Amino acid sequence: MAVKEKIDGIISSAAAGVEACASVDEINSLKVRYLGKSGELTALLRGMKDYPAEERPAVGKLVNEARDKINALIDEKFAQLQAKQEEEKLLEEKIDVTLKGTATPRGSLHPCTLVKEEILSIFTSLGFSVAHGPEVETDFYNFRQLNIPKDHPARDMQDTFYLGNDILLRTHTSPVQAHVMEENKPPIRVVCPGKVYRPDDDATHSPMFQQIEGLVIDENITLCDLKGILECFAKELFDKNTKVRFRPSYFPFTEPSVEVDLSCSVCHGKGCRICKGTGWIEVLGAGVVNPRVLEMSNIDSEKYSGFAFGMGIERIAMIKYGIPDMRILFENDVRFLRAFK
């Protein structure tokens, strides 16, 4: 039968085509060529009307058998090619888990945080506890309880952000000391870290900065005790050769009051750009607690005395790390912060 020879030729041609296919796309194209709507076998089925009625069943059977054979060849080849394609993809995407990974950059503590933690560590090792208080304070605790009445000229030294009638952003952490004295009986030995606010903004001042203030109240406390504590603190924070110098000053909540200088840790007193050639760096203010402040907190000033001191954390960081401009500490320049890893 001529039709049988034609169908055998289609099967042979399809088998050769399947064997030659090198990709999934090629095998799909070949399937369309032989078995699609316009394929060669489909064309034979459409031409069935041209055959005599008695031959049509036989022709239809031959076409269906051919379709099954070609389908089987295509499915087998498709499975082979797909497996090969997946294997190649796995090889391309293979990961060597024994290789070292890419390191993720680690952050570091801010220089002010490093200095604050070091200062707190020194004072807690000396027996001080740490106290915190609100940043939004009343005029009473920020000023009056510390012997700074409304008409006192010392208020001009601490220009204030007022939020309302007698409500303000604290200008120092001394209000925390006022709360501690009000709520506790001596002996008291405490340091008070925290943010404070004053309307200043230049290379050495910021409208927001951090302070650590300290307070000791007990029997027979003198200025000598203050100097001893500060000398111990300075030697721990900078180096063992650091010296402490007191200069007379005035603060309404201490009497007598002193400005405290430390010998320059860079030139060791010889004079350099950090200490502006003097050999000394002004670091903090301090003094013996004014008896009036003790009495306002219901502490017997005849029996007890004390000393207080306060320092800016940013200023200490600038001195310790040789930072020329305070504003650098607030710019969050990653290049600068990487230096403190």
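It should be emphasised that the depicted structure is a prediction, and the values quoted were computed from it without experimental measurement. (Residues numbered from 1 in each chain as written. Predicted model: local features only at pLDDT ≥ 70, side-chain atom pairs only at ≥ 80, totals over all residues. Heavy atoms only, no water.)

Caption draft 1: Local environment of the overall build of the protein. Secondary structure summary: the protein contains 11 helices and 10 strands in total. The C-alpha atoms of the protein give a radius of gyration of 44 Å, which is well past the 20 Å a tight globule of 341 residues would have. For the protein, the spread of C-alpha atoms along the three principal axes comes to 135 × 50 × 35 Å. The long-range fraction of contacts in the protein, counting pairs at least 24 apart against all pairs at least 6 apart in sequence, stands at 65%. Carbon together with sulfur atoms contributes 52% to the accessible area of the protein, which is approximately 19200 Å² in total. (Helix = DSSP H or I, 4+ residues; strand = E, 2+ residues; numbered from the N terminus. Rg over C-alpha atoms; globule rule 2.2 N^0.38 Å. Contact = heavy atoms within 4.5 Å. Areas by Shrake-Rupley, 256 points an atom, 1.4 Å probe, with all protein chains shown as cover.)

Caption draft 2: Region of the structure containing empty space enclosed by the protein. For the coordinates displayed, the defined rule picks out two cavities of 30 Å³ or more. Its volume calculated, the largest cavity comes out at about 60 Å³. Lining the largest cavity are Leu146, Ser174, Gln177, Met181, Glu213, Leu215, Phe253, Val289, Val293 and Ala308. Listing elements by their share of the lining of the largest cavity, those giving two or more residues are helix H7 (174-183) and strand S6 (208-218). (1 Å grid on protein atoms, 1.4 Å probe; cavity = no way out; pocket = protein on both sides within 12 Å on 5 of 7 lines; lining within 4 Å. Points joined across faces, edges and corners; volume = space filled by probe spheres on them.)

Caption draft 3: Expanded view of the nonpolar core. Formed by 42 residues in total, the largest nonpolar core has its most connected members in Ile119, Phe123, Val260, Leu284, Ala286, Phe309 and Met311. Mapped by element, the contributors of at least two residues to this core are helix H5 (111-125), S6, helix H8 (223-237), strand S8 (254-263), strand S9 (280-289), strand S10 (305-312) and helix H10 (313-321). Ignoring any residue separated from it by four or fewer positions in sequence, one finds Phe309 in contact with Phe123, Phe128, Gln177, Val191, Ile212, Glu213, Gly214, Leu226, Leu230, Leu284, Gly285 and Ala286. Of all hydrophobic cores here, the second largest spans 23 residues; its members include Leu146, Met181, Leu215 and Ile299. (Core = buried A, V, L, I, M, F, W, Y, C linked by side-chain atoms within 4.5 Å. Buried < 20%, exposed > 50% of the residue type's maximum accessible area, 1.4 Å probe, protein only.)

Caption draft 4: Expanded view of unusual backbone geometry. Between Pro186 and Pro187 the backbone carries a cis peptide bond, its omega angle lying at 5°. The residue Pro187 is located in the loop between H7 and strand S5 (188-197) in this model. Going from Glu255 to Pro256, the amide bond is cis rather than trans, its omega being 5°. Here Pro256 shows up in strand S8. Backbone geometry at Asn298 places phi at a positive 60°, although glycine is not the residue there. Here Asn298 is to be found in the loop between helix H9 (291-296) and S10. On the basis of relative accessibility, which here comes to 65%, the residue Asn298 falls in the exposed class. Even without being a glycine, Asn332 presents a positive backbone phi close to 55°. Mapped onto the elements, Asn332 comes out in the loop between H10 and helix H11 (334-337). Assessed through its relative accessible area of 53%, Asn332 is described here as exposed.

Caption draft 5: Structural context of the side chain of Ser257. Position of Ser257 among the secondary structure elements: in strand S8. Side-chain polar atoms of Ser257 contact the side chain of Thr254, separated by 2.5 Å. For Ser257, the contacting residues outside a window of four places in its chain are Arg247, Pro248, Ser249, Tyr250, Phe251, Ala286 and Gly287. (Polar contact = N/O pair within 3.5 Å; in protein donor to acceptor, adjacent residues only side chain to side chain.)

Caption draft 6: Structural context of the state of the cysteines. Counted according to the given criterion, the structure contains zero disulfides. Cys224 supplies the cysteine sulfur nearest to Cys232, a cysteine that is in no disulfide, at a spacing of 16 Å. Looking at Cys232, the relative accessible area reads 32%, which means it is partly exposed. (Disulfide = S-S within 2.5 Å.)

Caption draft 7: Broad picture of the side chain of Glu314. On the secondary structure map, Glu314 appears in helix H10. Among buried charged residues, Glu314 stands out as having no salt bridge; its nearest opposite-charge side chain is Lys195, 9.2 Å away. Among the polar contacts listed, one links the side chain of Glu314 to the backbone nitrogen of Gln210, at a separation of 2.8 Å. Setting aside anything within four residues of it in sequence, one finds Glu314 in contact with Cys112, Phe209, Gln210, Met326, Leu329 and Phe330. (Lys, Arg positive; Asp, Glu negative; His and termini not counted. Salt bridge = Lys/Arg side-chain N within 4 Å of Asp/Glu carboxyl O.)

Caption draft 8: Spotlight on the sheet that holds strand S4 (residues 167-169). Pairing is antiparallel in the open sheet, where three strands are placed in the order S2-S4-S3. Each having just a single partner strand, strand S2 (136-138) and strand S3 (162-164) make up the two edges of the open sheet. Adjacent strand axes in the sheet meet at a mean angle of 35°, parallel and antiparallel pairs treated alike. Across three bridges, S2 lies against S4 in antiparallel orientation. Its bridge partner being in S4, Glu137 is matched across the sheet by Leu168. (Pairing = 2+ DSSP bridges. Axes fitted to C-alpha atoms, helices over the stretch in contact; angles between N-to-C directions.)

Caption draft 9: View of the confidence of the model for the protein. A residue-level look at the protein finds 96% of positions with pLDDT of 70 or above and a mean pLDDT of 86. When the elements of the protein are averaged for pLDDT, helix H3 (residues 40-46) gives the smallest value, 71, and strand S1 (residues 129-130) the largest, 97. (pLDDT = per-residue confidence, 0-100.)

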